[in-house]
Each structure stands twice: as structure tokens, then as C-alpha cells.
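# Observations on chain architecture
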Amino acid sequence: MIYRRGTHETRREGPSAVFGTLPEGRDDGCFCAPLGSCRSGRLRLTGVAHGGVIRADPNVRGLYSASFPPPFPAVTVRGGAVDVRSSRTWTAGRTGVTLNATIPWDVEIRGGASRLFADLRDLRLGSFRLEGGARRVELTLPAPRGAVTVVVLGGASNLAIHRPAGVPARLCVEGGITHLRFDDRRIGAAGGRVDLQGGGYGRATDRYDIAVTGGANNLSVDEWQGRTGLGWSTPA
């Protein structure tokens, strides 16, 4: 079941730290759902990850809270699975999704992403998958539990991935690369497959496996230490 913000269930949830409280009865593209007995969540965005923000917040009492510009997408919730679909790609407006950080989540994006800012530092992340290419995307990761995969399919341009300091990671890029930064290593250009490891990856249990296929231009994988933001996608 889907609840528009402003319903009785929404008021019990309390205002979102990101989107605030909206008047009852407005057809404003705001959605939420109760947490109920869900012990894990899955967010799937199809055709809507453009010019938006994804965050995690332990103070969200519901399963999630979201706001979308018109034309509004189709949103369905089954258990802990939140599925957002749109047949149109927005050229204006902002997508905003806040996930309940008290449960673990898998995040899947289909149809590509552009000017997307995903701050998942407070989340327990099971996996992150982006299909259809990434352009001007910034992803800030939490501390992993076990081996966590981050996959980008379809190429990447201006992609920044930040992980916590001291967390081991492996980066595999297929299809060639120009302008790569992996921690303190720099590669100006390379063809074929690039495979790099850092932070004692081979001995670690909690680590990130990052894969990019289809080539990449301006790819950065580094450690965040309290501050992120490269300027192209960070919200005002």
C-alpha cells in the first residue's frame, strides 16, 4: 500500500528531515509507507534517477519517504520492496528519496542516472547496482558488513565513489578508462581491463567490490573523512 504525505499514517511518521511536512490533500508527488514488520528493504528506481538525492536517515519512522516532480511516477510497495517507475526522463525538478536507516537495504537503479547524489553513510547497504550508465553521479558509502558489491553497467562519466577511511576495496573497470583516481593512485588512460586493490583487500572480511563496465571517464574512488562533495551533484 502507498500513503501520500498528509494522511493519518504520514502524520504518525513525523516530518522527514529532508522534505518537511506537506499540507493534507495536495497532489504533490510525495509518498511514504509504514515500516510495519519489515526487517530489510529494497529500493528500485527505473527511469527516475536524474537530478535527484538518495539519503538514509535513522529518524524516519516509516519504511521510506519520497518526493517526485511531475509527471509523477508509479510507486508500489510490497513488504520492504519499494519500486518506483516512470516512462519519462525528467529534465527539471528533483527526485528525493529518504530510506529508513534502521534496516538494511539493497539499492537498484535502472535506466541510468545523471546528476545523482546518493549519501548512504548512515545505511546498512547490502548492494548497489546501477544499470544504463552513470553521468555526474556521486555515491558516498557506509562502513560495509561483509563483502558488499557496487556495480555500474553501461559506462560512467564523472563518477565519484567515496568509502569510509580504512575500508578495503577492489575496483575493476572493463572497456577502458581515462582519468582514474583510486586513493593515491592515478591513471591517465588505459585500455581493456583495469583491476586495482587497496587497504588490505585480500585479507579483509568487510570490504567493497566495485565494478564498472562499458568504460569510464573521470572516475574517482577514495576515502571520505567527514566531508564529501565534488560540486556537480551535491544539493544546495
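Everything discussed here concerns the structure shown above.
Reference entry: report on the structure contained in this document. (Residues numbered from 1 in each chain as written. Predicted model: local features only at pLDDT ≥ 70, side-chain atom pairs only at ≥ 80, totals over all residues. Heavy atoms only, no water.)

Put simply, Pro-70 and Pro-71 share a cis peptide bond, and its omega is 0 degrees. Within the element layout of this structure, Pro-71 appears in the loop between β5 (64–67) and β6 (74–78). Of note in this structure, Arg-115 is not a glycine but carries a positive phi near 45 degrees. Structurally, Arg-115 can be placed in strand β10 (residues 113–119). Even without glycine at this site, Asn-158 takes up a positive phi of about 60 degrees. Considering the arrangement of structural elements, one finds Asn-158 in strand β14 (residues 156–164). (Helix = DSSP H or I, 4+ residues; strand = E, 2+ residues; numbered from the N terminus.)

So, on to the environment of Gly-112. Along the chain, Gly-112 falls in the loop between β9 (104–110) and β10. With 64 residues separating them in the primary sequence, Gly-112 and Val-48 have C-alpha atoms 8.6 Å apart. Residue contacts for Gly-112: discarding those within four places in its chain leaves Ala-49, His-50, Leu-130, Glu-131, Gly-132 and Gly-133. (Contact = heavy atoms within 4.5 Å.)

This part takes up the pairing of strand β3 (residues 41–46). Here β3 pairs with β9 via six bridges, running parallel. Looking across to β9, one finds that Thr-46 is bridged to Arg-110. Across five bridges, β3 lies against strand β7 (residues 81–85) in parallel orientation. When the bridges of β7 are listed, Thr-46 appears paired with Arg-85. (Pairing = 2+ DSSP bridges.)

Turning next to the sheet that holds strand β13 (residues 147–153). Read across the open sheet, the nine strands follow the order β6-β7-β3-β9-β11-β13-β19-β15-β18; overall the sheet is mixed. Across the chains shown, the open sheet's two edge strands, defined by having one partner strand only, are β6 and β18 (193–198). Each strand of the sheet is rotated relative to its neighbour by a mean of 10 degrees, with strand direction disregarded. Where strand β15 (residues 169–174) meets strand β19 (residues 207–213), six bridges bridge the pair, whose relative direction is parallel. By the bridge assignment for β19, Val-173 is matched with Val-212. (Axes fitted to C-alpha atoms, helices over the stretch in contact; angles between N-to-C directions.)

Moving on, we come to the pairing of β6. Side chains Val-75 and Val-77 of β6 all project onto a buried face; the interleaved residues Ala-74, Thr-76 and Arg-78 project onto a face where none is buried. Sheet topology places β6 next to β7; five bridges connect them, and they run antiparallel. Its bridge partner being in β7, Val-77 is matched across the sheet by Val-82. The antiparallel pairing of β6 with β7 creates a hairpin that spans two residues between the two strands, and Gly-79 there sits at a positive phi of about 65 degrees. (Buried < 20%, exposed > 50% of the residue type's maximum accessible area, 1.4 Å probe, protein only.)

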